[in-house]
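This is what each chain is made of:
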Amino acid sequence: MVQVREAPERQAMGGARPDAIVVRGMSKAYGEIQALDDVSLDVAAGTIHGLLGPNGAGKTTLVRILTTLLPPDNGRAWVAGFDVAREATQLRSRIGLAGQSAAVDEYLTGRENLELVGRLYHLNRSTAERRAVELLERFDLTEAADRRSKTYSGGMRRRLDLAASLVADPEVLLLDEPTTGLDPRARRELWAVIRQLVSGGTTVLLTTQYLEEADELADRITVIDLGRVIAEGTAQELKQRTHGDVLSVVVNDPAQAEAACRAVARHGSGVARIDDDGVTVTMPVAGGAAKLAAIIRDLDTDGVAISDIGVRQPSLDDVFLALTGHTAGADRAD
Amino acid sequence: MHDTMTALRIEARWALADTLAMARRNLIRYVRSPELLVFSTINPVMFVLLFTYVFGGAIDVGPGNYINFLLPGILVQTVVFGAVQTGVGLAEDLSSGMVDRYRSLPMARSAVMAGRILADTVRNVFVVLLMIGVGYAIGFRFNASVAAIIAIPIILVIFGQAFSWISAAIGVSVREAETAQVAGFVWIFPLTFMSSMFVPVHTMPGWLEAFASVNPITVTVDLLRGLSQGGEIMPSLWQAAAWTVGLVVLCSTVAITQYRRLS
Ligand SMILES: Nc1ncnc2c1ncn2[C@@H]1O[C@H](COP(=O)(O)OP(=O)(O)OP(=O)(O)O)[C@@H](O)[C@H]1O
Ligand SMILES: [Mg+2]
């Protein structure tokens, strides 16, 4: 019989909150590219952990290692108490994976897809059928249940893929960019489902490039870039890393954006930069609101016409910039 | 000791159940994708009709009618061409991420490939019987014992499986459906034509005849001709058996090793 053992790291930590995922010193290289470099993280059971990073950061690589699809070069990891390298089979029966591209069999109907996955988790036929019905209902696919999934929209496919990862009621759910390609409404609906799962006790590790998504969903966030962990904490903690608030100024004429940058830079505690829209200038400021009057005066003196100005809490976007020196979404090649 | 035996038995039962589940899934895909059905049934039927009526008059195969000579060859061609689909299907599942999902499940690792080969074998049984039916309709006749007639589809299916393993090894190596398709046909085409499939090998130039006589397709076609028309089956029986066993052992080893190394 299979004995559920605690990972050594987990025993050492003790306490009331066992960790559903423990990663220690994980490294993985593809030839020259160091996809993961000494990554460690802990995810407490029953929480949502966000793994946030731009393209090529190593998110998928870590998810593949944690789901036993890829052997690490160095380091160890435990998921649901099982060692990814030594106890792969037991581990697989306790996890659910929704990979970066939806693994949906287009020639099968939604129902058949879920029933097949149920059978492969070794549920008996009636349990597999019942789970399929429940999940189709929960993901709003009942009407499309007996249509080939080839005819599904991108959002429906994503939902079916997520449903498939839940067939065996996993302890730990790994979601690799689950909302990529969804419209804002579908994204919010998926968030609601994920929150609901966690309230039922499931642990979720989710990767994302959307700072908003990590902010919305995750109890804790690990930021990775170029294979390394560069920050870890709650969204609130990470925001404090920018040392203060963010000033944003919208100029009327894009030609004046540079001038606005120079004017606000005299008051800031960081780098002023122009957003992609060409008219918004943002900059971290310590003591935010108190400086507003002086900044407006300076802009006026320099002849910069503005349509909006304000001080706001930093977004994770700002945090990312402060931590990495580049914005999220910038590629490894840049 | 007893416990390990029980554990092994349970594991074997699951491996079988997983293989059947995967085979069923692959067969559903066949039935639902018209292009695959056409490719694996209409094509061989067209071949048999074309060769019989277009070339039949021009190719001299000695006594007996051409369809009796041709059909065993076309049957072998059918299972060999059909084998390409094994690799294409595997490559498709690899590139679409389906295999990632399967590998993250507690299912038997062997079941993805075994289920694929089993499905292709079931399809071969169906297509071989269909082809024999078509052959009968246009004049083919067995001239053999019942045992020999029963042996024919069995040999075809086993030979087809050997080629499915070659194709599986290619599929897991290239991991991309189009490449697997090209990499499959690029050697199968010359191999089938440089054999006794359509013409007797003694009509070929010397160097080609030398190659054609040891070609696994030639020995299998000759074996089936012997069986279906009550002719000589030695030494083609041993040669065909040796080729089949050799190919299965070698290619299944390569395919399984490659699959285990997937990451
Ligand atoms: N099979 C592979 N062979 C070679 N290099 C790879 C392979 N898989 C990933 N890489 C490289 O490893 C690095 C990390 O890739 P990974 O897919 O883990 O990033 P990611 O954070 O998931 O990115 P994205 O947001 O684009 O999905 C990248 O530089 C990538 O090019
Ligand atoms: Mg990725």
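This structure is a prediction, so every number in the text was calculated from the model and none was measured.

(A) Summary view of the nonpolar core. By size, the foremost hydrophobic cluster in this structure holds 126 residues, and its most contacted members are L114 and I221 of chain A together with V76, Y102, F163 and I217 of chain B. For this core, the element with the highest residue contribution is helix α3 (residues 66-95) of chain B, accounting for 17 residues. Leaving out residues up to four positions away in the same chain, L114 of chain A has contacts with A132, L135, L136, L160, A163, A164 and V167 of chain A. One finds L36, A57, L97 and L205 of chain A within the second-largest nonpolar core, a separate group that totals 28 residues.

(B) Main features of a nonpolar patch on the surface. Residue and element names in this part refer to chain B. A surface patch of nonpolar side chains, about 580 Å² in accessible area, is lined by M46, L49, L50, Y53, V54 and F55. You can see L50 is positioned in helix α2 (residues 34-55). For L50, a relative accessible area of 45% corresponds to the partly exposed category.

(C) The arrangement of the coordination of the magnesium ion (ligand 2) in detail. Residue and element names in this part refer to chain A. The protein atoms that coordinate the magnesium ion (ligand 2) are T60 (OG1) and Q100 (OE1), at distances of 1.8 to 2.1 Å. A residue pair is termed long-range when its members are at least 10 positions apart, and T60 in helix α2 (residues 59-66) and Q100 in the loop between β6 (95-98) and α4 (110-120) qualify at 40 residues. Residue T60 is classed as partly exposed on the basis of its relative accessible area of 27%.

(D) Just the confidence of the model for chain A, in detail. Residues and elements named next belong to chain A. Put simply, chain A has an average pLDDT of 87, and 92% of its residues get 70 or more. Confidence drops under pLDDT 50 across residues 1-17; counting only partners more than four residues distant or on other chains, this segment forms 22 contacts. The low-confidence segment residues 330-334 (pLDDT under 50) makes 8 contacts with residues lying over four places distant or belonging to another chain.

(E) Representation of the interface of chain B and chain A in the model. Each side of the interface is counted separately: chain B has 24 residues, and chain A has 31 residues. Carbon and sulfur atoms make up 58% of the surface buried where chain B meets chain A, a total of about 2,400 Å² over both sides. By the criterion of area lost to chain A, the three top residues of chain B are R32, R101 and P106 of chain B, representing 31% of everything that side buries. In this assembly, chain B and chain A are joined by 5 salt bridges. Linking D100 of chain B and R64 of chain A is a salt bridge whose minimum nitrogen-to-oxygen distance equals 2.6 Å. When residues in the side of chain B that touches chain A are grouped by element, the largest group, 8 residues, is from helix α1 (residues 2-32) of chain B. Within the side of chain B that touches chain A, the residues separate by chemical class into 10 nonpolar, 5 polar and 9 charged.

(F) Representation of the layout of surface pockets within the structure. Size it by volume and the second largest pocket reaches roughly 460 Å³. Considering the residues around the second largest pocket, the lining is formed by 26 residues, among which E106 and Y107 of chain A together with R29, E92 and S96 of chain B are closest to the centre. Breaking the lining of the second largest pocket down by element, the ones donating at least two residues are α6 (154-165) of chain A together with α1, α2, α3 and α7 (177-193) of chain B. Counting residues per element, the lining of the second largest pocket draws most heavily on α3 of chain B, which supplies 5 residues. Each residue belonging to the lining of the second largest pocket can be placed in one class, and the counts come to 8 nonpolar, 7 polar and 11 charged.

(G) Structural context of empty space enclosed by the protein. Within this structure, the stated rule accounts for 3 cavities of 30 Å³ or more. Computed from the structure, the largest cavity encloses a volume of approximately 80 Å³. What lines the largest cavity is a set of 13 residues, among which A103, N113 and V117 of chain A together with M98 and R101 of chain B lie closest to the centre. Looking at the lining of the largest cavity, its residues break down into 9 nonpolar, 1 polar and 3 charged.

(H) Structural context of the packing of α4 of chain A against helix α5 (residues 125-138) of chain A. Residues and elements named next belong to chain A. It is the contact of α4 with α5, at a shortest axis distance of 8 Å, that shows an interaxial angle of 135 degrees. By the criterion of interaxial angle, the relationship of α4 to α5 is oblique. The element α4 and its partner α5 pack so that their crossing is right-handed. Contact residues: G110, R111, L114, E115, G118 and R119 in α4; R125, A128, E129, A132, V133, L135 and L136 in α5. Broken down by class, the residue content of the contact of α4 with α5 amounts to 6 nonpolar, 2 polar and 5 charged.

(I) Structural view of the site of ligand 1. All names here are of chain A. Near ligand 1 you find 15 residues, and of these N55, G56, K59, T60 and T61 are the closest. N55 is positioned with one of its side-chain polar atoms (N or O) 2.8 Å from an oxygen atom of ligand 1. K59 is positioned such that a nitrogen or oxygen atom in its side chain is 2.7 Å from an oxygen atom of ligand 1. Compared with its free state, where it exposes 630 Å², ligand 1 has 66% of that area covered by protein. For the shell around ligand 1, the elements supplying multiple residues, two or more each, are β2 (33-44) and α2.

(J) Expanded view of the pairing of strand β1 (residues 19-30) of chain A. All names here are of chain A. Pairing analysis gives 8 bridges linking β1 to β2, with the strands arranged antiparallel. Across the sheet, K28 pairs through a bridge with L36, a residue of β2. Counting the residues that bridge the hairpin from β1 to β2 gives 2 residues, and of these G31 lies at a positive phi of roughly 60 degrees. When β1 meets strand β4 (residues 74-79), the two strands line up antiparallel, connected through 5 bridges.

(K) Representation of the sheet that holds strand β3 (residues 48-52) of chain A within the structure. Residues and elements named next belong to chain A. Read from one edge to the other, the open sheet built from 6 strands follows the order β6-β7-β8-β3-β9-β10, with strand pairing classed as mixed. A single partner strand is all that each edge strand has here, and the edge strands are β6 and β10 (228-233). Here the strands of the sheet are splayed against their neighbours by 15 degrees on average, with no regard to which way each runs. Sheet topology places strand β9 (residues 220-225) next to β10; 5 bridges connect them, and they run antiparallel. What sits directly across from I221, in β10, is G233. This element, helix α7 (residues 184-199), spans β3, β7 (172-176) and β8 (203-208) of the sheet and lies at about 150 degrees to β8.

(L) Molecular detail of the domain arrangement of chain A. When the domains of chain A are assigned, the result is domain 1 (7-238) and domain 2 (243-313). Just the C-alpha atoms count here: the centres of domain 1 of chain A and domain 2 of chain A sit 40 Å apart.

(M) The pattern of salt bridges, seen in detail. Per the stated rule, a full pass over the model turns up 31 salt bridges over all chains. Notably, a salt bridge pairs D42 of chain A with R24 of chain A, separated by 2.9 Å at the nearest N-O pair. Here R24 of chain A lies in strand β1 and D42 of chain A lies in strand β2, a separation of 18 residues in the sequence. One salt-bridge network, held together by shared partners, links D105 of chain A together with R25, R29, E92, D93 and R116 of chain B.

(N) How the structure looks around the packing of aromatic side chains. All names here are of chain B. All chains considered together, the criterion is met by 16 aromatic pairs over all chains. With a centroid separation of 5.4 Å and an interplanar angle of 90 degrees, the aromatic rings of F81 and F185 are classed as edge-to-face. One end of the pair, F81, is in helix α3; the other, F185, is in helix α7, with 104 residues separating them in the sequence. No difference in accessibility class separates F81 from F185, as the two residues are buried. The interplanar angle of 10 degrees and the centroid separation of 5.8 Å between the aromatic rings of F189 and F193 together place this pair among those described as stacked. In this pair, F189 and F193 both sit in helix α7, 4 residues apart, roughly one turn of the helix. Classification of F193 by relative accessible area gives partly exposed; the value is 35%.

What counts and how
Residues numbered from 1 in each chain as written. Chains lettered and ligands numbered in written order. Predicted model: local features only at pLDDT ≥ 70, side-chain atom pairs only at ≥ 80, totals over all residues. Heavy atoms only, no water. Core = buried A, V, L, I, M, F, W, Y, C linked by side-chain atoms within 4.5 Å. Buried < 20%, exposed > 50% of the residue type's maximum accessible area, 1.4 Å probe, protein only. Helix = DSSP H or I, 4+ residues; strand = E, 2+ residues; numbered from the N terminus. Contact = heavy atoms within 4.5 Å. Patch = residues over 30% accessible without salt bridge, like charges linked within 9 Å, V, L, I, M, F, W, Y side chains within 5 Å. Areas by Shrake-Rupley, 256 points an atom, 1.4 Å probe, with all protein chains shown as cover. Salt bridge = Lys/Arg side-chain N within 4 Å of Asp/Glu carboxyl O. Donors = N, O, S within 2.8 Å, 3.2 Å for Na, K, Ca; no water. pLDDT = per-residue confidence, 0-100. Buried area = accessible area lost by both parts, 1.4 Å probe. Nonpolar A, V, L, I, M, F, W, Y, C, P; charged D, E, K, R; others polar. 1 Å grid on protein atoms, 1.4 Å probe; cavity = no way out; pocket = protein on both sides within 12 Å on 5 of 7 lines; lining within 4 Å. Points joined across faces, edges and corners; volume = space filled by probe spheres on them. Axes fitted to C-alpha atoms, helices over the stretch in contact; angles between N-to-C directions. Parallel < 35°, antiparallel > 145°, perpendicular 65-115°, else oblique. Left-handed = near helix turned anticlockwise from the far one by under 90°. Near = heavy atom within 4 Å. Polar contact = N/O pair within 3.5 Å; in protein donor to acceptor, adjacent residues only side chain to side chain. Pairing = 2+ DSSP bridges. Domains from an automatic or database assignment. Phe/Tyr/Trp six-rings, centres within 6.5 Å; stacked < 30°, edge-to-face > 60°.

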